[in-house]
Amino acid sequence: MAERVIEADGIELCTESFGDPSDPPILLIMGKGASMLWWEEGFCRMLAGNGRFVIRYDHRDTGRSVTYEPGRPGYTASDLVGDAARVLDAYGIPAAHVVGVSAGGAFAQLLALDYADRTLSLVLISTSSAVPGDRELPPPTEEFTRFVSSAHVDWSDAKSVIDYLVAYACMLAGGRRPFDETAARSLVRRDVERAHDFAAARNHDVVPDGELSQAPLSSIAVPTLVIHGTADPMFPLGHGEALAEQIPDGTLLALQDAGHGVERADWATIVPAILEHTAADHAG
């Protein structure tokens, strides 16, 4: 399918859909600083080929969506949550199954809290609670903390950015499986070359919260599948366990030795799980 740029509330968001619009809709929400390319085309087509209408999109300041001056985002995290609803509006979809990874999983939770009528079910991958709670959660691994505190990147230089993002992808993979650097480098290079301004993605690190929901996870009222790697260095498994326990209709699928994100090695497990979760007789 061809990319489609939608206009909503004065902004442009780049989207792409796969499959038959008459099939059950799945909206994919990527993490911060990441364009829709990180929902790889093969993954999207696996879902669409099994009777789902799949939509992915570029967040603001990623890919071909609206960009702002680096260091000065003209929006809030609440706006990024609202963008998911804007994408559904543009496609004429009243409600969808929402799949989010990392920060996209937090956005998906907030969408279910603040736009409950737009959410049929949730799939939360490699993420943590989007709202404050009293449960103590495990910190990132020492290796992850060391990497993010010591890595150097020149955001004005594409090669430096590509090298940094490949190294970051390797760190996120968790270290328990072989890392396909060639595939990662190809994806990162396409992402950097495709972006209006790849340096603008840094804005996600400084974006203010805005008016985010403070409702407890216990008020999420849709079936929720939590998918979490046992080797996730950013959000160790305890984060996924807590989500599945605190959301009333939550279940956990732990991926042995998987890191942070949607790895190709896990598509054969993740896709059937999402298909079952979003089937009519399983979606509430």
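Each chain carries its own residue numbering, running from 1 in the written order of its sequence. Per-residue local features are limited, in this predicted model, to residues with pLDDT of at least 70; the limit for side-chain atom pairs, both in listing and counting, is 80 or more; totals at the level of whole chains, interfaces and linings are taken over all residues. The side-chain quantities take in all heavy atoms of the structure and omit both hydrogens and water.

A. Structural context of the overall build of the protein chain. Strands here are runs of E lasting at least two residues and helices are runs of H or I lasting at least four, both read from the DSSP assignment and numbered beginning at the N terminus. Looking only at helices and strands, one finds eight helices and eight strands in the protein chain. Note on method: radius of gyration uses C-alpha positions; expected globular size equals 2.2 Å times residues raised to 0.38. The C-alpha radius of gyration of the protein chain comes to 18 Å, within 12% of the 19 Å expected for a compact globule of 284 residues. Buried positions account for 53% of the 284 residues belonging to the protein chain. Of the contacts formed within the protein chain by residues at least 6 apart in sequence, a portion of 75% connects residues at least 24 apart. Accessible surface for the protein chain amounts to roughly 12,300 Å². Of this, 50% is attributable to carbon and sulfur atoms. Using a 1.4 Å probe on the protein chains alone, a residue whose accessible area is under 20% of its type maximum counts as buried, one over 50% counts as exposed, and one in between counts as partly exposed. Residue contacts are defined here by distance: any two heavy atoms, one from each residue, within 4.5 Å place the two residues in contact. Accessible surface area values rest on a Shrake-Rupley calculation with a 1.4 Å probe, where residue burial reflects the displayed protein chains alone.

B. A look at the pairing of strand β3 (residues 25-29). Taken across its five residues, β3 has five buried, putting it largely inside the fold. Residue alternation in β3 divides its side chains into two sets, Pro25, Leu27 and Ile29 and Ile26 and Leu28, and both sets are buried. Two strands are said to pair when DSSP picks up at least two bridges between them. Two elements, β3 and strand β4 (residues 53-57), share four bridges in a ladder whose sense is parallel. Bridged to leucine 27 within β4 is isoleucine 55. We call a crossover right-handed when, viewed with the strands running away from us, the connection from the first strand over the helix to the second turns clockwise. Of the crossover connections in this fold, the one passing from β3 over helix α1 (residues 41-48) to the parallel β4 is right-handed. In this sheet, strand β5 (residues 96-101) lies alongside β3 in parallel orientation, the contact comprising four bridges. The residue bridging isoleucine 29 from the neighbouring strand is glycine 100, located in β5.

Fair warning: the whole summary comes from geometry, so function is off the table for now.
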